[in-house]
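# Chain and residue survey
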Amino acid sequence: MSERDDRGETDSAPSHPLHGRPMAVLFDKVNFAYGSDAVLSEVSFHIHEGEFAALIGPNGSGKTTILRLLLGLATPSSGRIEVLGAPPHTALESLGYVPQNAAFDPAFPISVVEVVRMGRLRGGRGRYSPEDLRAADAALEQADVADLRDRPYSALSGGQRRRVLVARALAARPRLLVLDEPTANMDAESETRLFRALGELKGRATVLVVTHDTLFVSDLTDAVLCVGDRDGRPGSVVRHASVPVARGLAPGTFGGGARQVLHDTEIPPEDCCGKGE
Amino acid sequence: MSFLSALLDPGLPFVRNALLAGLLSSVLFGVLGSVVTVKRIAGLAGAISHAVLGGIGLALFLSAKGLVPGLPPIAGALVFAVLSAGLIGVVSLKAKQREDTVINAIWAVGMSVGVLFIAKTPGYADPMSYLFGNILLISGQDLVLMAVLSVLVVAGAVRFYPQIEAASFDEEFARTRGVPTNTVFLAILAVVAVSVVVLQTFVGIVMVIAMLTLPAGTAGFAARNLRGMMVLASLLSAVFSVGGLALSWETDLPSGAVVVVLSGAVFLGASGIRMLVTRTSRPKAERPDGK
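Source: prediction; values computed, not measured. (Residues numbered from 1 in each chain as written. Chains lettered and ligands numbered in written order. Predicted model: local features only at pLDDT ≥ 70, side-chain atom pairs only at ≥ 80, totals over all residues.)

A few words on the overall build of chain A. For chain A, the helix and strand inventory stands at seven helices and 11 strands. Looking at chain A as a whole, 48% of its 277 residues qualify as buried. (Helix = DSSP H or I, 4+ residues; strand = E, 2+ residues; numbered from the N terminus. Buried ≥ 20, exposed ≤ 12 C-beta atoms within 10 Å, placed from the backbone.)

Following this line, the structure appears as structure tokens:
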């Protein structure tokens, strides 16, 4: 584990449930710019293993950049990023990713199970093994899309496709599952089934949901990370508190209850770790 | 003389060569054509195939002038194909906003360079043979090249099927699974470039791109996955090649053009049927199924 965790063991309040728990995601003073445009400035935040976190912020706030850095699809100009205790590109095998962009070529001939099987890919490794196929079938069950197994992917509705992509991410049996805007354009039925699947995963893997809805999050959420300009620094990330809201008050179903984000109540990083992240 | 009698006539070996070339090229057209189609890089493949004329013209010129005696046209074609594939690949990855311009420039400049060299080549060189194919030009060496390339392409497609499938379906996701998608893309372009050079002896430069897209496009209507698309496109390509050859023999028409027209007619017919089927089944497809 990182030295930061060791520090956490000694400095944090022993009573905090996250005390000493290893980091799933760690951003330490990360900077990123497109040309001369700074997108992220000195961004520091962390997510503990097993947490269900929401990374929220308006469009253009830097969420996608954070996601791309986390997935190893981009490299920071400076700063340190660790995913499951390792640099992002070496942690990919333990990471499941559900992209927001459900755009696909409807003329691409492929079945649902073949899409899910892709989650078992590992670099240049050859054909899929029987174990890969078993994992794909288990992921289909887990994401509640087993009945669609042999259907052509192009014949599915938008919500069904999104849940198939969740199954694809789960097929890797990830320790960290990252979902980018999972409920965008999703019907209520699919949303309920999606959050039910995520609820079953909670505690067994770290889940990070990225969304532009800055007011409400699912009641599965343990940590709310808000991205936005703060004190002139673009792409700052802080933890905000959230409280449960009565059913029906939040738009969207979240498959159950929702929590309202309290943007005026910041949770300092030392609450769980003892040191500022 | 009928096509069948011509095939069996010991005095007409080129007919048998043409048939073998048609069957061998079907494997390449089917497998590579499916990849080109699902990756939507037909325009890139078209630019590579047309730029090849520049290499053929240069080789003919250098050989006829005695500067490089005996330089075969295929050598020049290969150099131009690989160079244009490399250039297109780099531009496609690094400068997306200029991709169209560069691809079309390579397409047109490559052909023009070929025409200029052929015009200045002493003696007679017929650009039509290279543009539209000439079954009389297929040699035993061409057949060996096609056979070797077919084996290599099939072996590569089997070995790297998961990577090709994922990189074509969802490039970003494939990258998060550690697939070197840029390398996959450049390798596909390189294999297409070499194949175009070998295949142009059968249908010609202009029509290679048609055969890389039409059988695969037709197969895409019926196939359930990329593997099925590759197999079906290869079979369709074989039927179009053999059928086109027979038809061109019986009607005394250029074989390459007949093969392509036949493939195009079936593709258009299949597209029409597909549109009708989609239109009539749409209400059913949109019915809520409770999922």
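Another aspect to go through is the overall build of chain B. If you tally the helices and strands in chain B, you get 13 helices and zero strands. Listed by position from the N terminus, the elements making up chain B come as α-α-α-α-α-α-α-α-α-α-α-α-α. Projected onto the principal axes, the alpha-carbon positions of chain B cover approximately 75 × 50 × 30 Å. For chain B, buried positions account for 48% of its 291 residues. Summarising the internal contacts of chain B: among those between residues at least 6 apart in sequence, 75% fall at separations of at least 24. (Contact = placed C-beta atoms within 7 Å.)

Here we come to the pairing of strand β10 (residues 233-245) of chain A. Residue and element names in this part refer to chain A. Both strand β9 (residues 223-230) and β10 contribute to a ladder of six bridges, which runs antiparallel. If you follow V227 over to β10, its bridge partner there is V237. What sits between the antiparallel neighbours β9 and β10 is a turn of two residues, in which D231 has the positive phi angle 55 degrees. Both β10 and strand β11 (residues 258-267) contribute to a ladder of seven bridges, which runs antiparallel. Within β11, the residue paired with A241 across the bridge is L262. (Pairing = 2+ DSSP bridges.)

Take the pairing of strand β2 (residues 37-48) of chain A next. Residues and elements named next belong to chain A. Pairing geometry for strand β1 (residues 23-34) and β2, over eight bridges, is antiparallel. From the neighbouring strand, Y34 faces β2, where its bridge partner is D37. Where β1 hands over to β2, the hairpin turn is made up of two residues, of which G35 adopts a positive phi near 65 degrees.

Attention shifts here to the packing of helix α10 (residues 181-203) of chain B against helix α11 (residues 205-222) of chain B. Residue and element names in this part refer to chain B. Where α10 meets α11, the axes come as close as 8 Å, and the angle between the chain directions of the two elements is 105 degrees. In terms of orientation, α10 and α11 fall into the roughly perpendicular class. Counted together, V196, L199, Q200 and V203 of α10 and I205, M207, V208 and M211 of α11 form the full contact between these two elements. (Axes fitted to C-alpha atoms, helices over the stretch in contact; angles between N-to-C directions. Parallel < 35°, antiparallel > 145°, perpendicular 65-115°, else oblique.)

Residues and elements named next belong to chain A. An order of β2-β1-β4 is seen for the three strands of this open sheet, with the pairing classed as antiparallel. Edge positions in the sheet fall to β2 and β4 (78-83), since each of these pairs with one other strand and no more. Recorded for the sheet is a direction-independent mean angle of 15 degrees between the axes of neighbouring strands. Two elements, β1 and β4, share five bridges in a ladder whose sense is antiparallel. Bridging from a neighbouring strand, V25 pairs with V83 of β4.

Residue and element names in this part refer to chain A. Reading across the sheet, the eight strands line up as β5-β6-β7-β3-β9-β10-β11-β8 and stay open at both edges, with mixed pairing between neighbours. Two strands close off the open sheet at either side, each with one partner strand: β5 (95-98) and β8 (216-218). Going from strand to strand, the sheet's axes swing by 30 degrees on average, the running direction of each strand aside. One ladder, built from five bridges, connects strand β6 (residues 176-180) with strand β7 (residues 206-211); its direction is parallel. Each bridged residue has a counterpart across the sheet, and for D180 the counterpart in β7 is V210. Helix α2 (residues 63-70) rests against β3 (52-56), β6, β7, β9 and β10 of the sheet, and its axis sits at about 150 degrees to β6. Running at roughly 170 degrees to β5, helix α5 (residues 158-170) makes contact with β5 and β6 of the sheet.

On to the nonpolar core, then. Residue and element names in this part refer to chain B. In terms of nonpolar packing, the biggest core is built from 170 residues, with I48, V52, A81 and V192 touching the most fellow members. Examining the composition of this core, we find that 13 residues originate from one element, α10, more than from any other. Residues in contact with V52, not counting those within four places in the same chain, are A77, F80, A81, G110, V196, V197, Q200 and I205. (Core = buried A, V, L, I, M, F, W, Y, C linked by C-beta atoms within 7 Å.)

Quick look at the interface of chain A and chain B now. Reports often express the size of an interface as the amount of accessible area lost when the parts come together. Opposite the 25 residues of chain A that make contact, chain B presents 24 residues. Among the residues making up the side of chain A that touches chain B, the classes are represented as 16 nonpolar, five polar and four charged. (Nonpolar A, V, L, I, M, F, W, Y, C, P; charged D, E, K, R; others polar.)

With 26 residues, helix α12 (residues 226-251) of chain B should cover 38 Å at 1.5 Å per step; its first-to-last C-alpha distance of 36 Å lies within 8% of that length. Phi for D252(B), located one or two positions after α12(B), is positive at around 55 degrees. (Expected span 1.5 Å × (residues − 1).)

Residue and element names in this part refer to chain B. It is at 10 Å that the axes of helix α7 (residues 140-159) and α10 come closest, and there the two elements cross at 150 degrees. Relative to α10, the element α7 is oriented roughly antiparallel. Handedness of the crossing formed by α7 with α10: left-handed. Listed contacts from α10 to D142, L145, M146, L149 and V153 of α7 are V191, V194, S195, V198 and T201. Classifying every residue of the contact of α7 with α10 gives seven nonpolar, two polar and one charged. (Left-handed = near helix turned anticlockwise from the far one by under 90°.)

Here we come to the confidence of the model for chain B. Residues and elements named next belong to chain B. On average, residues of chain B score 90 in pLDDT, and 97% of them reach the 70 mark or higher. This stretch, residues 283-291, has a pLDDT under 50; its non-local contacts, to residues over four places away or in other chains, come to three contacts. The ipTM assigned to the predicted complex is 0.86, against a pTM of 0.85. (pLDDT = per-residue confidence, 0-100.)

The next subject is the environment of V31(B). All names here are of chain B. Position of V31 relative to the elements: it lies in helix α2 (residues 13-38). In this structure, the C-alpha to C-alpha distance between V31 and L226, residues 195 residues apart in sequence, is 9.2 Å. Beyond its immediate stretch of four places on either side in the chain, V31 contacts V153, V154, A157, M230 and S234.

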